[in-house]
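This is what each chain is made of:
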Amino acid sequence: MNSNDQNPENETPTISQTNEENDANLKQTNSANFILIDIAKCNFLLPFKPASSIFPLEQIITEFFRKKAGRKLTFQFKLFNALSLTLFYPDLYPYFGVQWISPNIFKVNKQIWSNVVSVKAVNGSLFNRQGAFPTHGFEQLKLEEIKENVIPGSLEGVDDDNVRIFRHKGKLFHIQSSINDLLNCSYQELLENETEGIKIVY
């Protein structure tokens, strides 16, 4: 079952769409300092059914991203849902720091994303060999390694450090991933590295 099976009336936008109408609505709501988002319309995938689908943005960040990851809210779900939100509402990129640049490749602003998921030891918890990205099957790409077309302007700011590019080695994580795809993303359970004081976030 894929995300479109869950919401047949809501098609996932293609990577080339600008979603100008979504952003216009977001800006209008943001002017009142109260952003309401219907996560069901954003292909927001969860392995459980929330009580409601409409939340203020602040509550979405608190409930679905800042809470410690567990069996019901794992790293790959947090990442995919953040990417879905910025796909439907590109103006949310400064809030989440992740964005699709092609159907299979995305960029990550490590300072913004680490703040969203409450990570302090950024490189150790996210990017080192035992960090969340490698242990879930993601590989970092250098700019010169990108061989497919990307959204015009989407590579702006990419420096392979603060803003990095990733794809999933197993090809399970992409713009139209299903819940089963996400559940099957590579996962390696790791213990806290007490020597370096690094806490792995899943």
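Residues numbered from 1 in each chain as written. Predicted model: local features only at pLDDT ≥ 70, side-chain atom pairs only at ≥ 80, totals over all residues. Heavy atoms only, no water.

An unreviewed UniProt entry annotates the protein as Initiator binding domain-containing protein of Tritrichomonas foetus.

Draft legend 1. Spotlight on unusual backbone geometry. Residues other than glycine seldom take positive phi values, yet Asn43 does so here, at roughly 55°. Residue placement: Asn43 occurs in the loop between strand E1 (36-38) and strand E2 (54-56). Classification of Asn43 by relative accessible area gives buried; the value is 3%. A positive phi is found at Ser118, a non-glycine position, where the angle reads about 60°. Within the secondary structure, Ser118 is located in the loop between helix H6 (110-116) and helix H7 (122-127). (Helix = DSSP H or I, 4+ residues; strand = E, 2+ residues; numbered from the N terminus. Buried < 20%, exposed > 50% of the residue type's maximum accessible area, 1.4 Å probe, protein only.)

Draft legend 2. Structural view of the pairing of strand E4 (residues 105-109). Of all five residues in E4, five are buried, a share of seventy percent or more. Burial of the side chains of E4 extends over both faces: Ile105, Lys107 and Asn109 are buried on one face and Phe106 and Val108 on the other. In this structure, strand E3 (residues 98-100) lies alongside E4, joined through three bridges in antiparallel fashion. Within E4, the residue paired with Gln99 across the bridge is Lys107. Connecting E3 to the antiparallel partner E4 that follows it, the hairpin turn spans four residues. (Pairing = 2+ DSSP bridges.)

Draft legend 3. Summary view of the pattern of salt bridges. Applying the stated criterion to the full structure yields four salt bridges. Lys110 is paired through a salt bridge with Asp161; the nearest N and O atoms lie 2.9 Å apart. With Lys110 in helix H6 and Asp161 in the loop between strand E5 (138-141) and strand E6 (163-168), this residue pair connects regions lying 51 residues apart in the sequence. Ionic pairing is found between Arg167 and Glu139, a salt bridge with its closest N-O pair at 2.8 Å. Highlighted residues: Arg167 in strand E6 and Glu139 in strand E5, separated in sequence by 28 residues. Since its relative accessible area comes to 33%, Arg167 is described here as partly exposed. Residue Glu139 is classed as partly exposed on the basis of its relative accessible area, which comes to 25%. When salt bridges that share partners are traced, they join Lys110, Asp161 and Arg164 into one network. (Salt bridge = Lys/Arg side-chain N within 4 Å of Asp/Glu carboxyl O.)

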